[in-house]
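# Topology and contacts: notes
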Amino acid sequence: MSAERPSLPPVRLHTEAELARDALAAPLLARAVRLARWAGPATRVGAGGELVDAQLPAAAEHLGLGDDEDGAAYASEAWRLAVDTGLVDVEDPQDEAAGDDAGGEAEGTVTVGGNLALLTSGSPGDVLAIWLDGLEAVHADATAPAFDDFADLIGEDGSVDFDALDWDPEEEADFLDGVLTNLYLLTLSDAGPADGPVPLPALAASMVVPEDMGEPTDDVLERVSEAMMRLDDQFRVLEPIGIVAYTPVDESLLTEEGEEATPPADDEDVTRYGMVRLTPLGLYGIRERMLEAGVDAPAVGDLADRGADILLDGIAYYPEEAARTEIGLWLAGHTERGVESAAAELLGAARGTDGRAPLRRLHCQQALALVGPEAEPAVRAVLGDPELGGLARVWLAERGAADVPAPPEPMIFWLAVDTIAAQLDADGDLDELQELVEGLSGQHSGFFDQAWRVEHPATAEVLEAVGRLHRDRKIAKDARKAAFKARSRAKG
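Okay, so let's go over this structure. (Residues numbered from 1 in each chain as written. Predicted model: local features only at pLDDT ≥ 70, side-chain atom pairs only at ≥ 80, totals over all residues. Heavy atoms only, no water.)

### Concerning the pattern of salt bridges
Close approach of charged atoms allows side chains of opposite charge to pair. For the structure shown, the criterion picks out 20 salt bridges. With a closest N to O distance of 2.5 Å, R489 and E455 form a salt bridge. On the criterion of sequence distance, the pair formed by R489 in helix α23 (residues 473-491) and E455 in the loop between α21 (447-451) and α22 (459-469) is long-range, its members being 34 residues apart. In this structure, the salt-bridge partner of R487 is E464, at a minimum N-O distance of 3.1 Å. Pair noted here: R487 is in helix α23 and E464 is in helix α22, with a separation of 23 residues, a long-range link. By relative accessible area, R487 is classed as partly exposed at 36%. (Salt bridge = Lys/Arg side-chain N within 4 Å of Asp/Glu carboxyl O. Helix = DSSP H or I, 4+ residues; strand = E, 2+ residues; numbered from the N terminus. Buried < 20%, exposed > 50% of the residue type's maximum accessible area, 1.4 Å probe, protein only.)

What follows is the structure, given as structure tokens:
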């Protein structure tokens, strides 16, 4: 009955201005900005753009990390981000041979990058574009191996023998993207953690344990442990760019032999095994990466300036709250031209005999519930429409309108079938669906004697569903008989 559904629920994002403020406050980008403002013509960098070792203590001191044993590493990391995001430009040495003749490596020249000014004078969109470049660079760092441990595999030209390294960069990136997607889904899920953190073992298990597996085997648990430690390293790299809030694995849990933490037992404190939460900036960043990859990742507000037909189709499978918010945003923009005009556009978009049409009419009815009496002329204009006349009468009656004509009997049954068809397509709560089915079929004596004759594309499917869902066995049997008649009539 239904059309293809979107693979991801809609996300409610913070405003661009709020996200841009979060991006500028991300520790790694903030440090990169400070180093970009500190750098000048005398700043010494290698041929690859990295700060030379002799320059790192001064850079760490400028960042207030002079007394930190990892200060030089933090400074080097921030400098790389400044280069990757265009906050500084590094020109390659013009004559590498001259550097070699001087007895040292050739060095590049540092100038201010064009993006540095954009962080203060540009729009929030400009800031976020720069931050996304930084996220891309950090994502690459998070999936890269520790080359210090494999120095003998790096060629003279800087190339890496990946086969000897036993490391597949594409596979590693896919693994991290899969984890981030699962974290994104958990954050959006009604049954998920909302703003709460996700235990690292659960996230690792989502990538390793088959969905149909009961009790995990020892081999699977070992792979979960390996995935946990892999993710522990990666989230430590990702946190400074601002996409996650991360509590690392308690180092006391690491075993000496394999340096891997065993997944927690039921009675253990799971927080010691790592906890991770997506930030609002993280939701934005991961969604942007998914959109870039061609994934349908809707956001609330995407449909606010579109036509009513796109609105009603687009929110077809949104959760109730997200659909209501999207409708409200659409109405806020479209009622500027007049409530009557907006109502007429919604009603026109609700027509149709395709599989998604009942759900469009249901959302049209919900949208009209949010508009005022100015919509009445548009609603009265469809009283004679066989597809819209029923919902028009409901809307008028709920507002106590005068002179509402009684619906013809075929329209009553057509509306009942259409309403059940919409709820079946929406996959709502089973108890609520049963109550709807039993309520509508019980309103009229001889309901099934008339319902199978209804000229609605979903009549047979609706009657079959009533037969499955109705708790009165005799009525359920009558519904199945009516469904058979409807099928036979359609074939004849």
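### Here's the deal with empty space enclosed by the protein
A complete count under the given rule lists two cavities of 30 Å³ or more for this structure. Approximately 80 Å³ is the volume attributed to the largest cavity. As for the largest cavity, its lining consists of P358, R361, L362, Q365, E387, L391, L415, D418, T419 and A422. Breaking the lining of the largest cavity down by element, the ones donating at least two residues are α16 (357-368) and α19 (409-426). Among the residues forming the lining of the largest cavity, the class breakdown is five nonpolar, two polar and three charged. As a volume, the second largest cavity reaches approximately 50 Å³. Forming the boundary of the second largest cavity are L28, E77, R80, L81, D84, A137, V138, D141 and V237. Counting residues per element, the ones that place at least two in the lining of the second largest cavity are α4 (71-84) and α7 (124-142). At four residues, α4 tops the list of elements feeding residues into the lining of the second largest cavity. Looking at the lining of the second largest cavity, its residues break down into five nonpolar, no polar and four charged. (1 Å grid on protein atoms, 1.4 Å probe; cavity = no way out; pocket = protein on both sides within 12 Å on 5 of 7 lines; lining within 4 Å. Points joined across faces, edges and corners; volume = space filled by probe spheres on them. Nonpolar A, V, L, I, M, F, W, Y, C, P; charged D, E, K, R; others polar.)

### Re unusual backbone geometry
With a phi angle near 60°, D403 is a residue other than glycine that sits in the positive phi range. For D403, the location among the structural elements is in the loop between α18 (389-398) and α19. Judged by its relative accessible area of 70%, D403 is exposed.

### Quick look at the packing of helix α6 (residues 114-121) against α7
Where α6 meets α7, the axes come as close as 8 Å, and the angle between the chain directions of the two elements is 135°. Relative to α7, the element α6 is oriented oblique. The handedness of the crossing between α6 and α7 is left-handed. For the pair formed by α6 and α7, the contact residues are N115, L118 and L119 on the first element and D126, V127 and I130 on the second. For the contact of α6 with α7, the per-class residue count stands at four nonpolar, one polar and one charged. (Axes fitted to C-alpha atoms, helices over the stretch in contact; angles between N-to-C directions. Parallel < 35°, antiparallel > 145°, perpendicular 65-115°, else oblique. Left-handed = near helix turned anticlockwise from the far one by under 90°. Contact = heavy atoms within 4.5 Å.)

### Regarding the sheet that holds strand β4 (residues 198-199)
Read across the sheet, three strands follow the order β4-β6-β5 without closing on themselves; strand pairing throughout is antiparallel. Here the strands that pair on one side only, and so sit at the sheet edges, are β4 and β5 (244-247). Alignment of β5 against strand β6 (residues 275-278), held across four bridges, turns out to be antiparallel. Pairing of A245 across the sheet is with R277, part of β6. (Pairing = 2+ DSSP bridges.)

### Describing the packing of aromatic side chains
One pass over the full model with this rule turns up four aromatic pairs. For the pair F447 and F448, a centre-to-centre distance of 5.2 Å together with 90° between the ring planes defines the contact as edge-to-face. An aromatic cluster of at least three residues, connected via ring pairs, comprises F413, F447 and F448. Its guanidinium or amino end placed over the ring of Y74, R31 lies 4.9 Å from that ring's centre, counting from NZ or CZ. Positioned over the ring face of F175 is R230, at 3.8 Å from the centre of the ring. (Phe/Tyr/Trp six-rings, centres within 6.5 Å; stacked < 30°, edge-to-face > 60°. Lys NZ or Arg CZ within 6 Å of the ring centre and 35° of its normal.)

All quantities given are derived from atomic positions and should not be read as evidence of function.
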